[in-house]
Amino acid sequence: MSASEPVRDLRDYLSLIRAREDLVEITVEADPNLEIPEIHRRGVAAGGPALLFRNPRGADFPVVTNLFGTLERTQLSFGDRPRQFVERVVEAAETLLPPSLGKLWNFRDVAFDGLRVGMKSVRRGPVTEVAEAPRLDRLPALTGWHSDGGPFLTLPLVYTQHPVSGKHNVGMYRMQIHSPTQTGMHFQIHKGGGFHLSVAEGRGEDLPATVFLGGSPALMLAAIAPLPEDVPELLLASLLLGERLRRVKGKAPHPLIADCEFAISGRLRAGVRTPEGPFGDHYGYNSLVHDYPVFDVDQVFRRRDAIFPATCVGRPRQEDFYIGDFLQDLLSPLFPLVMPSVRKLWSYGETGFHSLAAAVVRDRYPREAIVSGFRILGEGQLSLQKFVFLTDQDVDLTDFPTVLETILARVDWRRDLIVISQTAQDTLDYTGPKVNRGSKCLLLGLGEPIRELPHGWGDPTLPDGVDAARPFCAGCLVVQGRPYDEEPGQAERVAASVLFAEWPLVVLVDDVEEATATSELFLWTAFTRMEPAADLHGREQHVARFHVGLEPPVVWDCRMKPWYPEVMAVDDATRDLVDRRWDEYGIAL
């Protein structure tokens, strides 16, 4: 197939990348438990090809990974249509008011596209070629890290319907396999499927659910897009694909998307929770064991020669990073439509996406930027952002050092640091006082610069307990301190040191060499190990009109705390196994 044709299913996509020599088939036996994930991670790190494992140990199906592990492959999988569609919608929205016949005629293509979207019922499809009793233990589900609680489905498309309205949701939630007929369902606090289950449980009912694996990349994109709660994901998938999605009705409680590889039909049990985890997640840490809903499987539908899609997440950058960056770049033209005072917006995948966002905003009257900040925090999944940088300067938000320098040259720490305590926090972020609890911060850098930023550090003198200091960028000095459990209050002592008086921001870390090696490592270190309400310290602190203002230098305590989960790292046995067998796999990186 050509790159201009719609990618209707996983087979289309594999044919496309195989023709470009961007798919490697591994025919030797490889183990889904730790071995395949480590091969996958090495492929992602090297910008390598997609990997189709034909002979996964203990499984009945081949498994394909690293489908989207480069920006080029991600763009290819979704094609040009999604970007063209978004740009055309934005153009129509900006042009059609006030409407006229001429304007409407110029955008007739948008209306015609609308007539081609939706669902199309068919009598049968590839996904119904086999219907069988569940044997989830025969799937090549990956156990990604040595500390994981077991194998997980990592690319499931979970379909549920609201028990009252019937409106559907399709989301991607990790699912730990508990037995051949049961999994967990990792519904976090902001997930649409979780809202459906809550309503069902309020009625004393189980919630039917269908889990799709494989299918069109457009379906995967729709499942992870930060859509408003009542916008149907299947409609978006159809719009992105440019044609109706085929469905088979009458085989299961829900219609089955005809071109998927698997459809797993079952029920989420009302009121039942069971421990799930640990799991090495996309923040780069080992998320801990918590109770989550239970999914009981009744039946499995699949293609006769089904291929199981999977990924492995961990310390950024992994495969999900490229999907996330593609998605926000795709949707960025829509942000000014729904948030008119926000000109540009970017979330940083190096921080797990929810730890830091930056926005270029309008500041047409005093403090309008704060309105934009609250607007961002009130929009769907953006509500989980922990830190939001706001500036009215036209900067490239993907150039983080420049963004930080722009903020630091303008921030007045007495008024432009706004911390909101006692809020919800992303389930996977353990920096708060307990799971799902934490704080948020708006940091403003507006107007003309108010200070010259220092660039270099040449002073050999350091305070007691500070072993090294190195600038990350102009205005930001990174210092290496004692372990947190040896001196929890070190950040306050560093802030009081006259040695750092000219630096508006000092970041206290465990390893200054690692934290300053790259922008990626600085972002990951600084924003995944700090909670605004607990870890920001100034030389002095003032409270006026219910607002806390700081005097610089302001110190962010970004050391590992004793209650944080461990950083994910490959265990020695798995590393040695993959090293020893590498030539057998036939992967050239």
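Relevant structure appears above.
Quantities reported herein were computed from a predicted structural model and do not represent experimental measurements. (Residues numbered from 1 in each chain as written. Predicted model: local features only at pLDDT ≥ 70, side-chain atom pairs only at ≥ 80, totals over all residues. Heavy atoms only, no water.)

Caption draft 1: Representation of the environment of Val-466 in the model. Structurally, the position occupied by Val-466 is in the loop between strand 23 (437–445) and strand 24 (468–473). Each C-alpha atom of the pair Val-466 and Gly-166 lies 59 Å from the other, and the pair is 300 residues apart in sequence. Once residues within four sequence positions are removed from consideration, Val-466 is found in contact with Val-479, Gln-480, Gln-490 and Val-494. (Helix = DSSP H or I, 4+ residues; strand = E, 2+ residues; numbered from the N terminus. Contact = heavy atoms within 4.5 Å.)

Caption draft 2: Representation of the nonpolar core in the model. Leu-14 and Phe-212 are the most contacted members of the largest nonpolar core, which has 46 residues in total. Ranked by residues supplied to this core, first place goes to helix 8 (residues 217–224) with 6 residues. Leu-14 has contacts with Leu-23, Val-64, Leu-67 and Ile-307, leaving out every residue within four places of it along the chain. Of all hydrophobic cores here, the second largest spans 41 residues; its members include Phe-387, Val-395, Trp-413 and Ala-515. (Core = buried A, V, L, I, M, F, W, Y, C linked by side-chain atoms within 4.5 Å. Buried < 20%, exposed > 50% of the residue type's maximum accessible area, 1.4 Å probe, protein only.)

Caption draft 3: Representation of the pairing of strand 1 (residues 23–26). Looking at chain direction, strand 1 and strand 2 (residues 50–53) are connected through 4 bridges and run parallel. Bridging across to strand 2, Leu-23 finds its partner in Ala-50. Handedness of the crossover joining strand 1 and strand 2 through helix 2 (residues 35–45): right-handed. (Pairing = 2+ DSSP bridges. Right-handed = clockwise from strand over helix to strand, strands pointing away.)

Caption draft 4: The arrangement of the side chain of Asp-325 in detail. Note on placement: Asp-325 falls in helix 10 (residues 319–331). Residues in contact with Asp-325, not counting those within four places in the same chain, are Trp-346 and Phe-353.

Caption draft 5: A look at the pattern of salt bridges. Taken as a whole and assessed by the stated rule, the structure comprises 45 salt bridges. Here Glu-261 ties to Arg-303 by a salt bridge, and the two come within 3.2 Å at their closest N and O atoms. You can see Glu-261 sitting in the loop between strand 13 (256–257) and strand 14 (262–276) and its partner Arg-303 sitting in the loop between strand 17 (290–302) and strand 18 (308–309), a full 42 residues away along the chain. Residue classification places Arg-303 among the buried positions, given a relative accessible area of 7%. Put simply, Asp-394 and Lys-344 hold a salt bridge, and the shortest N to O gap is 3.0 Å. Note that Asp-394 is positioned in the loop between strand 21 (387–391) and helix 13 (400–408) and Lys-344 in strand 19 (residues 342–347), a separation of 50 residues in sequence. Among the residues examined, Asp-394 registers a relative accessible area of 57% and is labelled exposed. (Salt bridge = Lys/Arg side-chain N within 4 Å of Asp/Glu carboxyl O.)

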